[in-house]
Amino acid sequence: MSAGGCADVGQDLTVHPRITRRHPDIQVADVESAWRSAIAVRRRNYDPPEYYAAAGADSHGRLLEMVGVELDDGSLLIFHAMRLTDKMAQELQVRREST
């Protein structure tokens, strides 16, 4: 975690394999790209382990929502990723792309 309690977009990432099984149009590289280009990151709790919600554009220009947890070694496990929904856009206070 970076200073100030916000996830570091440059930290080591692991993308849970469940994401690509559940959403075959989203690849590991898409999630990594979206996390590293996040336009909004929000810490969801204040007790360890730290959970984060984020939205960012992947290499195809799609806005993805992601949820991850910071592990004991400081890396981040992204366990949820999909196209940005209205609910997550509202939580992160970002405008959702029109479809």
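Residues numbered from 1 in each chain as written. Predicted model: local features only at pLDDT ≥ 70, side-chain atom pairs only at ≥ 80, totals over all residues. Heavy atoms only, no water.

Participant: Whenever I open this one, the packing of aromatic side chains confuses me. Can you help?
Facilitator: Two measures describe an aromatic ring pair: the distance that separates the ring centres and the angle between the ring planes. This structure, assessed with the given rule, holds one aromatic pair. Their ring planes at 80 degrees and their centres at 6.1 Å tell us that Tyr 51 and Phe 79 sit as a pair that is edge-to-face. Here the residue Tyr 51 occupies a position in strand β3 (residues 51–57), and Phe 79 occupies one in strand β5 (residues 76–83), the gap between them amounting to 28 residues. Under the relative-accessibility criterion, Tyr 51 is labelled partly exposed at 33%. Under the relative-accessibility criterion, Phe 79 is labelled partly exposed at 28%. (Phe/Tyr/Trp six-rings, centres within 6.5 Å; stacked < 30°, edge-to-face > 60°. Helix = DSSP H or I, 4+ residues; strand = E, 2+ residues; numbered from the N terminus. Buried < 20%, exposed > 50% of the residue type's maximum accessible area, 1.4 Å probe, protein only.)

Participant: Just checking my understanding: could you explain the sheet that holds strand β1 (residues 13–15) for this structure?
Facilitator: Backbone-to-backbone hydrogen bonds join strands into a sheet, with any given pair of strands oriented parallel or antiparallel. An order of β1-β5-β4-β3-β2 is seen for the five strands of this open sheet, with the pairing classed as mixed. If you trace the sheet from one side to the other, it starts and ends with β1 and β2 (38–43), each paired once. For this sheet, the mean inter-axis angle between neighbouring strands, taken without regard to orientation, is 25 degrees. Looking at chain direction, strand β4 (residues 63–70) and β5 are connected through seven bridges and run antiparallel. (Pairing = 2+ DSSP bridges. Axes fitted to C-alpha atoms, helices over the stretch in contact; angles between N-to-C directions.)

Participant: I keep staring at the pattern of salt bridges and nothing clicks. Help me out?
Facilitator: Any two side chains of opposite charge can pair, so long as their charged atoms come close to each other. Counted according to the given criterion, the structure contains six salt bridges. Where Glu 91 meets Arg 44, a salt bridge forms, and the shortest distance between an N and an O atom there is 2.7 Å. Here Arg 44 lies in the loop between β2 and β3 and Glu 91 lies in helix α3 (residues 86–92), a separation of 47 residues in the sequence. You can call Glu 91 partly exposed: its relative accessible area is 24%. Connected via shared salt-bridge partners are Asp 25, Asp 30, Asp 58 and Arg 62. (Salt bridge = Lys/Arg side-chain N within 4 Å of Asp/Glu carboxyl O.)

Participant: So what exactly am I meant to see when it comes to the environment of Leu 13 here?
Facilitator: Within the secondary structure layout, Leu 13 lies in strand β1. We classify Leu 13 as buried; its relative accessible area is 14%. Separated by 22 residues in sequence, Leu 13 and Trp 35 have C-alpha atoms that sit 8.8 Å apart. Excluding its chain neighbours within four sequence positions, the residues that come into contact with Leu 13 are Glu 32, Trp 35, Arg 36, Leu 76 and Ile 78. (Contact = heavy atoms within 4.5 Å.)

Participant: Would you take a moment to explain the nonpolar core for this structure?
Facilitator: Most often, soluble globular proteins keep nonpolar side chains buried together rather than apart. Counting 14 residues, the largest nonpolar core has Ile 19, Val 31, Trp 35, Met 66, Leu 76 and Ile 78 as the members making the most contacts within it. Sorting the residues of this core by element identifies β1, α2 (28–36), β3, β4 and β5 as the ones contributing at least two each. Setting aside its immediate chain neighbours within four residues, Met 66 contacts Val 31, Ala 34, Trp 35, Tyr 52, Ala 53, Ala 54, Ala 55, Gly 56, Ile 78, His 80, Ala 81 and Met 88. If you look at the next biggest cluster of nonpolar residues, it comprises ten residues, including Ala 53, Ala 55, Val 67 and Leu 92. (Core = buried A, V, L, I, M, F, W, Y, C linked by side-chain atoms within 4.5 Å.)

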